[in-house]
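# A look at the structure
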Amino acid sequence: MLYLELFIQGIVQGSIYGLIALGLTLVYGLLRILHVAHAALFTLGGYIGVIVTNFTGSFALAMFVAMIVVGVIGMAVYKFAYEPILHRPPYIALIASIALFIASEEIYRIVFGPFGLSYINPPLQGQIEIFSGFRLKHGEILVMVIAVVMLSALAWLSANTRTGVAWRATVTDPEMAAAFGIKIQNVRYLNFFIASALAAVAGVLVALLNNLVEPTMGSVPSYKALAIIVLGGLGSIRGTLVAALALGVIEAYGTIYLGKILDRDALAFAFLIIVLMVRPQGLLGEK
Amino acid sequence: MTPVLQIENVTVRFGGVTAVHDVSLTINVGELVGFIGPNGAGKTTLMRVITGIVKPQQGRVLLEGRDLARKSIDARVGAGLALAQQIVQPLHDMSMLDNVALSCGSRKTGRVITAMLHTNREPERDKARGLLEKVGLGNVVDAMPATLPLGYLKRLEVARAMALEPKLLLLDEPLAGLNQAEAAGLADLILGLNKAGQTILLIEHNLREVLRICPTLYVQDNGVPLAFGEAGEVMKNPDVRSAYLGGHA
Amino acid sequence: MAYEITLATTMAISVLFALSLNFISGFCGQISLGHAAFLGTGAYASATLTKASVPFLLTLPASAVIAGFFGFLIGLASLRVRHDFLAITTMGVGFLFVGVVRKQDFLGGELGMAGIPSPDMSREMFMVFCIFLAAVFAVFSLYIRRSWMGFVFDSIADNEDVTRILGIDASRFKLAAFVIGTAGAGIAGALYAHHFRYIGPDSFGFVQSVSVLAMVIVGGIGSVWGVAFAAAILSVLPLLVQFVDDYKLLLYSALLFAMMRFAPDGIAGIVRRSAARFRRATP
C-alpha cells in the first residue's frame, strides 16, 4: 500500500512540476532561453491566489486573477528583459534570468514579508477515501484534474486553432512563418502569456496544498524545472510531461530509499547530469 | 606519383537515403582537383567524411597512407589536412593578423604545457604577415574581421588554412557569395598556391572558374561518382553533360 | 584594527575566488554556475585535515588537488555539453554538492563544521598571507593572458569549433582551465574555512555561485583587474554598509541583471570604451 501512496503523491507533485516546466518548454522552444525567472512568476501566482481568496472568499476568482495578472507580467518580462538581449550569446539571457529571479525573490520578501502568507479559510481541505486507509485531499485531486485539463486544452488548441498553428509554425521555422505573414512578435507575447499563466496556476495550487506562500517557494521548482525540460528533450511538450511525472514519482520513492545519502532536491540534478552526459541533447530530444 | 589523399569505397547512408555511394578518389602530390556536381550531389557529405564530421558506413579515408578513421578534426588537421570553410568563421575578438598567427603557432599549441610556457608571438605574427600579404590582405592585417567584407574573410580562411602548412588543402566553396571579379581574383590565388606546390581539393559550384583553373575534375551526382580525370575529357562525358544540362531525365 | 584586518582578509579571499572563476569563465569562456562547490570542496577538505591535526599550510596543496580533481571531472562534462547546457550542468553539480554534503555526518551534515582550528599564524600574518595568495593568482592570470595558452583560450571562448579546425586540441585546454580554476577555488576555500572557522552546506550553495559569477561579470568577464576590483568591492560593501547588507542579494542580482541587459562586458568594458572615446576626443 505504501508503494501506491508514494506513487500517487509522486503524480500530484509531478503534475505541479509539469505545469511549471511546460511554460519553460514553451519559452525554450520559441526563444532558446532558459527562463529561470519563470519560477518567480509561479511564486507571484501563489501570492495573488492567497491574497485574492482572502479578500473575496472566492478561490475560483483568485485563480482567474492570478492567471491574467501573471500572464501580463510574463509578457512584460519578455518585452523588457529578454527582447533586448536576444541577439547575444545564450548564457547572457540565462544569467540575466537568474538575476531577475533572485531579485524577484528579494522583492517578495520586502513587500510581503519573510514569513509568508496563508489562506484564512483554506478551501478544498475535505478528504476522500480512495481505498481503505488511503485518503486524498480535494486539493490534491484538483491538482491532477487541473493539470490534465489545462494540458489537454493546450494540446488541442495548438493542433486545432489558427493561433496554435501559427505558434507551431513559428517554433519550427521563424523565418518561414514570418514569410507566411505570421506576426512573430505576437506569437512570442502569446507564448509568454500562456507559459506565465500556467505557472500562476501551479503557484496557486502549491499555495493551496501547503497552505503557505513564501518568498523562496520558487527556488527549488525553478532549477528543478530546468532539469525537467532538459530531461524531456527540450522544447518537446510530451517529453516535458513525461519527465515531470517521472521525476515526481522517482522523488517520492527516492526520499524513502536514498534519503540517507542524497538530498531529495539533489536527485533531479543527479539525473540531469547523467542524462546530459549520456545524451547531451536530452532524453527524448532529437538532433 | 605519391598519393596524398585516398578515398576508398566510401558509402554514407542517412536513414534510407544513400548520400554517397561507393566513392573512390585519389589525389596526388601537387595536384589541383576540382570537385563539382549539381545541388544535392553529396559534395558536402563527402567533404564531411574527409573532415570526420560524418562517419562512413563503408570505406576509409587515408592521408599520406594513414587511415583517418576515429581521428577527431583537430587530429586530422595535425596529420596534414587543412580546411577553408564555406561559411566564413573568423575569430571575431582578434585581429586578422592574430587569426592567422594562432594558426601559425601549431608547434606552441600542440601541448598545453608548451603553450603555457611560451609568450612570444612575434615569429608567428611575422609569418602571418607574410601569408596575409600572399593572399592579398597585406593592407588589413590589423583590422578586426567584423569590419571587413565577405571577400576578405574568404581569403582569411585560405590564409589560416595555409598557415598550417598542410599536405592537403581542402577548399569548401571558397568562391560562393563572391562577385565575378572577386571570384576570379581568388581563383587566381588558388591557382598560384597550387603552382607553388600546394596540393588542393577544391569543392566548388562556380563551374566557370573551376574549368578555368583545375586541370583535373571529379564529378559526383546523387552521391554517385560520374567521372574523374583530365578536365576536358570529363566535360565531354555524356553522363556529366546530362547531369548538368538535362537534369536527371 | 581587528575589524580592518577581517575586512582585508575577506576581500583577499573573495578576489582569489573570483579570479579562479575568471580563469574558467572569463579566459576560456566556459560558464560555470556551480563554482561555490569547489570553494566548498577546498573548505571541507582543509577543515577536515586541520581538525585531524594536519598543519594548516599543508592542507592548502591538498585542498587544491582535491578541488582540482573534481574540477577535472566537471571539465570532462564540458567536453560533452556547451554554453547554456554547460551552465546548467555546473549548476546541477553545485546542487549535488550541497545535497551530498548535507547528508554526510563526518562533514557535520546540516549543521556544518564549527570550531575549525585557527591557522598557525597571527591574524595580521594570515591577512598578509591571503593577500599574497590572491596577488600570486592575479599575476599568474596576467601571465597566462599573454602566453600562448591565453591565446588559445581566447580562441576557444570565441569559437571552439574553429579552434579545432586550426588543429588545436581544445579539449585539453578546457580541461586545463577547469583544473587550474577549481584548484584556485580550493585554495580560496581552505582560507575561507580558517578565516571564518565555521562552514556549513549553505555557505557553498547556488547563491554563492551566482554571487561570484556576479563579481566576475560586473568586473568584466576575462579582465583580471576588473574582476579583482569588483570582487574586492562587492565582498566588503555588505560588511561596511548595514543597508547594503540587508539588501545584499537584491543589490547583487539587480547589478547582475543590469550588467547583462546593458553592458555584458562589465566595468572593464565600460572603462575600455570610455578610454577609447576619450582618446578620440583628445587628438
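Residues numbered from 1 in each chain as written. Chains lettered and ligands numbered in written order. Predicted model: local features only at pLDDT ≥ 70, side-chain atom pairs only at ≥ 80, totals over all residues.

## A few points about the overall build of chain A
Scanning chain A for helices and strands turns up 11 helices and 2 strands. Counting from the amino terminus, helix and strand elements in chain A follow one another as α-α-α-α-β-β-α-α-α-α-α-α-α. Whereas a compact globule of 287 residues would reach a radius of gyration of roughly 19 Å, chain A reaches 19 Å, a difference of no more than 12%. Projected onto its principal axes, the C-alpha positions of chain A cover 60 × 45 × 40 Å. The buried share among the 287 residues of chain A stands at 51%. (Helix = DSSP H or I, 4+ residues; strand = E, 2+ residues; numbered from the N terminus. Rg over C-alpha atoms; globule rule 2.2 N^0.38 Å. Buried ≥ 20, exposed ≤ 12 C-beta atoms within 10 Å, placed from the backbone.)

## Looking at the overall build of chain B
Helix and strand counts for chain B stand at 11 helices and 10 strands. Taking 249 residues into account, the globule formula puts the C-alpha radius of gyration at 18 Å, and chain B, at 18 Å, falls close to it. The dimensions of chain B, computed from C-alpha atoms along their principal axes, are 60 × 40 × 35 Å. The buried share among the 249 residues of chain B stands at 44%. Put simply, of all contacts in chain B between residues at least 6 apart along the chain, 65% involve residues at least 24 apart. (Contact = placed C-beta atoms within 7 Å.)

## Overview of the domain arrangement of chain B
When the parts come together, some accessible area is lost, and that loss is often what is quoted as the size of the interface. Residue and element names in this part refer to chain B. The domain boundaries assigned to chain B delineate domain 1 (1-80 + 168-249) and domain 2 (89-165). For domain 1 and domain 2, the distance between their C-alpha centres works out to 26 Å. Listed as interface residues are 9 residues of domain 1 and, on the opposing side, 10 residues of domain 2. The leading source of residues in the side of domain 1 that touches domain 2 is helix α8 (residues 180-195), at 4 residues. (Domains from an automatic or database assignment.)

## Observations regarding the interface of chain C and chain A
With 32 residues of chain C in contact, the opposing surface of chain A contributes 35 residues. Breaking the side of chain C that touches chain A down by element, the ones donating at least two residues are α3 (56-80), α4 (83-102), α9 (206-219) and α12 (248-262) of chain C. Top element by residues in the side of chain C that touches chain A is α4(C). It accounts for 14 residues.

## Description of the pairing of strand β6 (residues 81-84) of chain B
All names here are of chain B. The alternating pattern of β6 places L81 and L83 on one face and A82 and A84 on the opposite face, and all of these are buried. In this sheet, strand β7 (residues 168-172) lies alongside β6 in parallel orientation, the contact comprising 4 bridges. Residue pairing for β7: L81 is matched across the bridge by L168. (Pairing = 2+ DSSP bridges.)

## Description of the sheet that holds strand β10 (residues 224-230) of chain B
All names here are of chain B. Here we have 6 strands laid out as an open sheet, ordered β6-β7-β8-β3-β9-β10, and mixed in their pairing. Edge strands, defined here as strands with exactly one partner in the open sheet, are β6 and β10. On average, each strand axis in the sheet is tilted by 15° relative to the strand beside it, whichever way the strands run. Bridging between strand β3 (residues 32-36) and strand β8 (residues 199-203) involves 4 bridges; their strand directions are parallel. (Axes fitted to C-alpha atoms, helices over the stretch in contact; angles between N-to-C directions.)

## Re the environment of V158(B)
All names here are of chain B. Mapped onto the elements of the fold, V158 is located in helix α7 (residues 150-163). C-alpha of V158 to C-alpha of I190: the two residues are 32 residues apart in sequence and 8.8 Å apart in space. Setting aside its immediate chain neighbours within four residues, V158 contacts A84, V135 and P174.

## Considerations on the interface of chain C and chain B
In this complex, chain C contributes 20 residues to the contact, which on the side of chain B involves 24 residues. When contributions to the side of chain C that touches chain B are tallied by element, the ones reaching two or more residues are α6 (148-158), α7 (160-165) and α8 (170-196) of chain C. Take the side of chain C that touches chain B: its biggest share by element is 7 residues, from α6(C). Along the lines of polarity and charge, the residues of the side of chain C that touches chain B split into 10 nonpolar, 4 polar and 6 charged. (Nonpolar A, V, L, I, M, F, W, Y, C, P; charged D, E, K, R; others polar.)

## Considerations on the sheet that holds strand β1 (residues 3-14) of chain B
Residues and elements named next belong to chain B. Taking strand neighbours across the sheet as the criterion, the 4 strands line up as β2-β1-β4-β5 in an open arrangement whose pairing is antiparallel. Lying at the two open borders of the sheet, with one neighbouring strand each, are β2 (17-28) and β5 (66-67). Each of β1, β2 and β4 (58-63) is contacted by helix α1 (residues 43-51), which is oriented at about 60° to β2, the strand it contacts most.

## Side note on the pairing of β10(B)
Of the strand pairs in this sheet, strand β9 (residues 216-221) of chain B and β10(B) are connected by 6 bridges, and their pairing is antiparallel. Along β10(B), the bridge assignment pairs T216(B) with E230(B).

## Details of the nonpolar core
Grouped together as the largest cluster of nonpolar side chains are 274 residues, with contacts concentrated most on I95(A), V201(A), L202(B) and L16(C). Both domain 1 (1-80 + 168-249) and domain 2 (89-165) of chain B contribute no fewer than three residues apiece to this core. Contacts of V201(A), omitting those with residues within four sequence positions, involve L19(A), G45(A), M63(A), M67(A), I146(A) and M150(A). (Core = buried A, V, L, I, M, F, W, Y, C linked by C-beta atoms within 7 Å.)

## What about the environment of A40(A)?
Residues and elements named next belong to chain A. As for its position among the elements, A40 is in helix α2 (residues 38-56). For A40 and P215, which are 175 residues apart along the polypeptide, the C-alpha to C-alpha distance reads 8.9 Å. Apart from residues lying up to four places away in sequence, A40 is in contact with L100, F101, S104, E105 and G218.

## Quick look at the packing of helix α9 (residues 219-231) of chain A against helix α10 (residues 237-257) of chain A
All names here are of chain A. Remark: α9 packs on α10, axes separated minimally by 8 Å, with the N-to-C direction vectors making an angle of 125°. Considered as vectors, α9 and α10 are oriented oblique to each other. In terms of crossing hand, the pair formed by α9 and α10 is right-handed. Between α9 and α10, the contacting residues are I228, I229 and L231 on the first element and T240, A243, A244 and L247 on the second. Here the residues of the contact of α9 with α10 are counted per class, giving 6 nonpolar, 1 polar and no charged. (Parallel < 35°, antiparallel > 145°, perpendicular 65-115°, else oblique. Left-handed = near helix turned anticlockwise from the far one by under 90°.)

## A short note on helix α1 (residues 2-27) of chain C
Residues that lie three or four places apart on an α-helix share one face, since the helix turns once every 3.6 residues. Residues and elements named next belong to chain C. Its 26 residues give α1 an end-to-end C-alpha distance of 36 Å, which sits within 8% of 38 Å, the value for a rise of 1.5 Å per residue. The largest bend in α1 is about 30°, located at L21. Most of α1 sits inside the fold, with 19 of its 26 residues counted as buried. (Expected span 1.5 Å × (residues − 1). Bend = angle between axes of the 7 residues up to and from the residue.)

## What to know about the arrangement of the chains
Where 2 pairs of chains are in contact, the pair with the most contacts is made of chains A and C. When C-alpha atoms are compared, chain A and chain B, though not in contact, are closest at a spacing of 13 Å.

## So, the packing of helix α4 (residues 90-112) of chain A against α4(C)
Helix packing geometry: the angle between the two helix axes and the distance between the axes. Put simply, α4(A) and α4(C) touch, their axes get as near as 8 Å, and they point 40° apart. As summarised for this structure, α4(A) and α4(C) are arranged oblique, according to the angle between their axes. Between α4(A), through P90(A), Y91(A) and L94(A), and α4(C), the contact on the second element is made entirely by H83(C), D84(C) and A87(C). Partitioned by chemical class, the residues of the contact of α4(A) with α4(C) number 4 nonpolar, 1 polar and 1 charged.

## Things to note about helix α10 (residues 224-240) of chain C
Between its terminal C-alpha atoms α10(C) stretches 24 Å, which fits the 24 Å expected from 17 residues at 1.5 Å a residue. For α10(C), the complete set of buried residues consists of V224(C), G226(C), V227(C), A228(C), F229(C), A230(C), A231(C), A232(C), L234(C) and S235(C).

## Thoughts on the environment of A21(A)
Positionally, A21(A) belongs in helix α1 (residues 2-31). What A21(A) contacts, discounting residues up to four positions off in sequence, is A225(A), I228(A), I229(A), T240(A) and A244(A).

## Thoughts on the confidence of the model for chain B
Overall, the predicted model of chain B reaches an average pLDDT of 90, with 98% of residues at or above 70. On the interface metric, ipTM, the complex scores 0.90, and its pTM is 0.87. (pLDDT = per-residue confidence, 0-100.)

## Observations concerning unusual backbone geometry
Of note in the backbone geometry, R32(A) takes a positive phi value of approximately 55° without being a glycine. Residue placement: R32(A) occurs in the loop between α1 and α2. R32(A) gets classed as partly exposed once you count the C-beta atoms within 10 Å, which come to 13. The phi dihedral of E64(B) is positive, around 50°, even though this residue is not glycine.

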